[in-house]
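# Overview (structure and organization)
Read off the chains here:
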Amino acid sequence: MQVSSAHADVIVVRSAIWQTTCTLVHRRREGDERPGECFVIDSPVLPDEHEFLPALLEQTGWSVSGLLCTHGDWDHLLGRLAFPGVTLGCAETTAARLRAEPGRAQGALREFDEEHYVERDRPLSLGHLQALDLPAHVGIGDAELDLLPTEGHTADGMAVWIPWARVLVCGDYLSPVEIPMLSETGNRDAYLATLERLRPYVEQADLVVPGHGARMDGQQALAVLREDVEYLEALPDPGATLPLARRTAAQKAVHEENLDRLGTRA
Ligand SMILES: [Zn+2]
């Protein structure tokens, strides 16, 4: 696991598994020296990483007022294993997806744990979800987070823009380690539309935190965005070129999966 400070109010934790990121964002009220509010966006995956998060917050003096998730894939939903009892906020699309698939995240987590012999102290309970109609602003200290709808990787989700820190937490888009992974319904155009929605934020970002992989500065993220658009626009051509830095066996398998999802193969 890696911990890095992205800004005085932003800490990024990167899981040892899949480089899944978790972003802590904090904001005080001006003139008030007491710690302000803190949101935890997404989650790391391993039990010791969940144990570490409250200890990390204790060090910083921040206390958690809420959890947010960028989308409903199980590896991003584990915040309550670190902070039981804290409410999880998500896009209305994510809430609808989780309601439509009760127990799916828990089942996937159990499967992962069985495969990797991982033991946990408690089962995952998502509790009462706070569904947010997007786009939306969420108050934090004396500021606001901007929540933007995303779709294409999954049919649900959101990105979080932290205006005063110029940090974009974008969920499973713009990853330096993964090529675009299309949703089960293979909606390439929705994915491209999401990238265009994110583009103006990426252009003014100091840092972009992808759902998987190391954080990037705005220039690096723009390069990934350009490569992703190029790759997606070449689909459904099976010979679409994968971005040079992401041409691994695992990403070639993702490309095959994308072709299946586009339904263009016999
Ligand atoms: Zn993911």
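Residues numbered from 1 in each chain as written. Predicted model: local features only at pLDDT ≥ 70, side-chain atom pairs only at ≥ 80, totals over all residues. Heavy atoms only, no water.

### Details of the pattern of salt bridges
For side chains bearing opposite charge, pairing can occur when the charged atoms are close. Counted by the stated rule, this structure contains 15 salt bridges. A salt bridge links aspartate 113 to arginine 120; the shortest N-O distance between them is 2.7 Å. The residues aspartate 113 and arginine 120 share a single accessibility class, namely buried. One continuous salt-bridge network, built from bridges that share partners, spans Asp73, Arg97, Glu101, Arg104, Asp156 and Glu184. (Salt bridge = Lys/Arg side-chain N within 4 Å of Asp/Glu carboxyl O. Buried < 20%, exposed > 50% of the residue type's maximum accessible area, 1.4 Å probe, protein only.)

### Considering the confidence of the model for the chain
Scored by pLDDT, the chain has a mean of 94; 99% of the residues are at 70 or more. Of all the helices and strands in the chain, strand E1 (residues 2–7) carries the lowest mean pLDDT, 90, while strand E10 (residues 158–162) carries the highest, 98. (pLDDT = per-residue confidence, 0-100. Helix = DSSP H or I, 4+ residues; strand = E, 2+ residues; numbered from the N terminus.)

### Let's talk about the sheet that holds strand E2 (residues 10–14)
Read from one edge to the other, the open sheet built from seven strands follows the order E1-E2-E3-E4-E5-E6-E7, with strand pairing classed as mixed. What marks the edges here is a single partner per strand, and that holds for E1 and strand E7 (129–132). This sheet shows a mean twist of 25° between the axes of neighbouring strands, independent of strand direction. Both E2 and strand E3 (residues 21–27) contribute to a ladder of five bridges, which runs antiparallel. Opposite arginine 14, over in E3, you have threonine 21 as the bridge partner. Strands E1, E2, E3, strand E4 (37–41) and strand E5 (63–68) of the sheet are contacted by helix H1 (residues 47–60), whose axis makes an angle of about 155° with E2. (Pairing = 2+ DSSP bridges. Axes fitted to C-alpha atoms, helices over the stretch in contact; angles between N-to-C directions. Contact = heavy atoms within 4.5 Å.)

### A closer look at the packing of aromatic side chains
Scanning all chains against the criterion turns up five aromatic pairs. Relative to phenylalanine 112, the ring of tryptophan 74 lies with its centre 5.3 Å away and its plane at 50°, an arrangement referred to as tilted. In this pair, tryptophan 74 sits in the loop between E5 and helix H2 (79–82) while phenylalanine 112 sits in helix H4 (residues 104–116), placing the two residues 38 residues apart along the sequence. Summarising the burial analysis for this pair, tryptophan 74 and phenylalanine 112 share the class buried. Geometrically, the ring pair formed by tryptophan 161 and tyrosine 201 is edge-to-face, given 5.5 Å between the ring centres and 65° between the ring planes. Here tryptophan 161 is found in strand E10, whereas its partner tyrosine 201 is found in helix H5 (residues 188–204), with 40 residues between them in sequence. Comparing tryptophan 161 with tyrosine 201, the two get one shared label, buried. Taken together, the ring pairs in this structure connect Trp18, Trp74 and Phe112 into an aromatic cluster. (Phe/Tyr/Trp six-rings, centres within 6.5 Å; stacked < 30°, edge-to-face > 60°.)

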